[in-house]
Every structure is written in structure tokens, then in C-alpha cells.
Amino acid sequence: AQRRVWDLKEDFAKRFFKNLWSSKRPLWLGVRILLLLILGFVALVMLFEDRFIYFPVKYPEGVWDVETLSAPRGEVSTKVEDVWFQAADGVKLHGWYCAPQRNAGGQTTAIPTAMTLLWFHGNAGNISHRFASIEKLIELEVAVFIIDYRGYGRSEGSPSEQGLYADARGAWDYLTNERKVPPANIIVFGDSLGGAVAIDLAEKINAAGLIVQSSFTSIKDMATE
């Protein structure tokens with residue numbers, strides 16, 4: 001009996017939608033057009049979802065002449081090293097490894113650092129737009145490793161949620177495996193969009209600490225805002 005009820009419901013639904021779609025009445029014609037528009041809008045959002053979320057600025061846009069930017073202007077300046085590494089899924093990424101150096105008598109000497117800040121930046125722009133902030137952090141006599149997500153700056157690929165998580169893991173692996181920085185000497189730092197990236201990474205590794213600045217609670221909340 002229960003199966004018979006389900007069959008009747010299914011048959012009714014098929015006949016209802018068939019009649020609805022084939023009806024020539026103006027009202028039903030309007031309903032069909034509205035349904036098509038809704039389906040088209042949903043498909044458009046799904047197709048271009050990442051473009052609505054991420055706003056990368058690709059190289060050569062930005063300020064990349066770091067040799068000039070990091071010229072000694074005080075006791076402590078920034079030595080910038082271009083770094084190329086791979087994300088966890090093999091995408092080629094670019095970053096800057098920034099170390100403090102002391103200026104004295106026209107000479108510069110490296111300043112030993114105990115901690116390294118692994119920085120995941122915000123949505124718009126690229127790492128070159130964060131250089132002024134890097135200089136301020138360097139005054140704390142810490143090393144700063146800042147990366148561009150896939151699709152940003154000089155990094156390859158296109159941004160996506162899972163892609164950014166893979167980029168973060170690749171940056172962590174580079175620091176710990178290639179540069180041999182102990183996990184206990186790494187602080188994970190994420191600002192704005194990078195906050196979500198930093199939190200995801202911090203759940204999977206054992207860093208010295210986690211800093212999240214000006215981030216958000218969820219994509220849904222951001223869309224509402």
C-alpha cells in the first residue's frame with residue numbers, strides 16, 4: 001500500500017510538471033521563464049564562484065623593485081630573497097623570505113633571528129603591496145616568509161579554497177624541510193582572507209603560535225555583510 005502511494009505521488013508529480021511546461025497560458029509561460037532565469041543565475045554563480053571571492057593582482061602589477069625599497073634607511077633594514085616552491089598539489093608558487101640586517105658604517109650584517117613569521121596575506125593585491133608592513137615586522141628582529149597564493153603575484157595557477165589550503169601546506173613544508181626551521185620557531189600569521197588559510201594550516205601542524213587579524217567567521221557571513 002505504501003509503495004502504491006509513492007507511485008501515485010510520482011505519477012502526479014510527472015503529470016503536473018509536464019502540463020506546467022507544455023501549458024500555453026501566459027501565467028505558466030511566465031513561471032517557465034522565471035524558472036529558467038533562476039537556473040541560469042545559479043549556474044552562473046557556480047561557474048564564476050571563485051571570481052566573486054578572490055581578487056588577485058598578477059605580476060608585473062605591484063611594486064617589485066625590492067632592492068631599492070629595502071635600501072638601508074635606519075639601523076635595521078630588510079634583506080629580501082625570492083623563493084620558489086611547490087604547493088602540496090604541485091602548483092609552482094612564489095614568495096619572499098625576508099630577514100633583518102643591521103646597517104653600520106656603510107656595511108650590513110645579518111641579524112640572528114629566533115622566530116619566523118609565516119604570513120598569509122589578505123584578498124586583494126599581492127606580496128609586493130605588503131612591503132611596508134614587512135619592514136615594520138622586521139624591526140622586531142624576526143624573519144618573515146610571505147607567499148602569494150596560486151593566481152596571485154608571480155605564482156602559477158588560479159585561486160580556490162582547497163588550492164589556498166594546499167599553498168599554505170607547501171609554504172610550511174618549504175620552511176621546515178628546505179630551510180630546516182623548527183616548527184617550534186614558526187608563528188603562523190593570517191590577515192583577512194589569510195586568516196582562514198592560517199587557521200586551516202594550524203589545525204594540521206604544530207607551530208609555536210597562531211595570529212589571526214581582521215579575518216571573518218564564514219563566507220556566508222561575508223556574503224551577508
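Residues numbered from 1 in each chain as written. Predicted model: local features only at pLDDT ≥ 70, side-chain atom pairs only at ≥ 80, totals over all residues. Heavy atoms only, no water.

A. Fine view of the pairing of strand S6 (residues 186–191). The element S6 is largely enclosed, with a buried count of 5 among its 6 residues. Pairing between S6 and strand S7 (residues 209–213): 5 bridges, direction parallel. Each residue of the ladder has a partner; that of phenylalanine 189, found in S7, is isoleucine 211. Following the backbone out of S6, through helix H7 (residues 193–202) and into the adjacent parallel S7, one traces a crossover that is right-handed. (Buried < 20%, exposed > 50% of the residue type's maximum accessible area, 1.4 Å probe, protein only. Helix = DSSP H or I, 4+ residues; strand = E, 2+ residues; numbered from the N terminus. Pairing = 2+ DSSP bridges. Right-handed = clockwise from strand over helix to strand, strands pointing away.)

B. Structural detail: the packing of aromatic side chains. Counted by the stated rule, this structure contains 9 aromatic pairs. The interplanar angle of 35 degrees and the centroid separation of 5.4 Å between the aromatic rings of tryptophan 119 and phenylalanine 189 together place this pair among those described as tilted. Linking tryptophan 119 in strand S4 (residues 116–120) with phenylalanine 189 in strand S6, this pair joins segments that are 70 residues apart in sequence. Neither tryptophan 119 nor phenylalanine 189 differs from the other in exposure class; each is buried. Taken together, the aromatic side chains of Tyr59, Trp64, Trp96 and Phe131 make up a single cluster linked through ring pairs. Residue placement shows lysine 92 over the ring face of tryptophan 84; its charged tip is 4.9 Å from the ring centre. The ring of tyrosine 59 carries arginine 154 above its face, with NZ or CZ at 5.0 Å from the centroid. (Phe/Tyr/Trp six-rings, centres within 6.5 Å; stacked < 30°, edge-to-face > 60°. Lys NZ or Arg CZ within 6 Å of the ring centre and 35° of its normal.)

C. Summary view of unusual backbone geometry. Along the chain, tyrosine 59 connects to proline 60 via a cis peptide bond; the corresponding omega equals 15 degrees. With respect to the helices and strands, the residue proline 60 is situated in the loop between helix H3 (49–53) and helix H4 (66–69).

D. Representation of the pattern of salt bridges within the structure. Tallying each qualifying case throughout the model produces 8 salt bridges. Among the salt bridges present, the one from glutamate 141 reaches arginine 102, with a minimum N-O distance of 3.3 Å. One end of the pair, glutamate 141, is in the loop between helix H5 (131–138) and strand S5 (143–147); the other, arginine 102, is in strand S2 (residues 92–104), and 39 residues separate them in sequence. Bridged by salt links that share partners, the residues Glu75, Arg102 and Glu141 form one connected network. (Salt bridge = Lys/Arg side-chain N within 4 Å of Asp/Glu carboxyl O.)

E. Seen up close, the nonpolar core. Phe85, Leu118, Phe120, Phe145, Leu175 and Leu201 are the most contacted members of the largest nonpolar core, which totals 29 residues. Those elements that provide at least two residues to this core are strand S1 (76–86), S2, S4, S5, helix H6 (161–178), S6 and H7. Tallying contributions element by element places H6 first for this core, with 7 residues. With residues up to four places along the chain from it excluded, the contact list for phenylalanine 145 reads Val83, Phe85, Gly95, Trp96, Tyr97, Leu117, Leu118, Trp119, Ala171, Tyr174 and Leu175. Core analysis: the second largest hydrophobic core is formed by 16 residues, Trp64, Val66, Ile127 and Val142 among them. (Core = buried A, V, L, I, M, F, W, Y, C linked by side-chain atoms within 4.5 Å. Contact = heavy atoms within 4.5 Å.)

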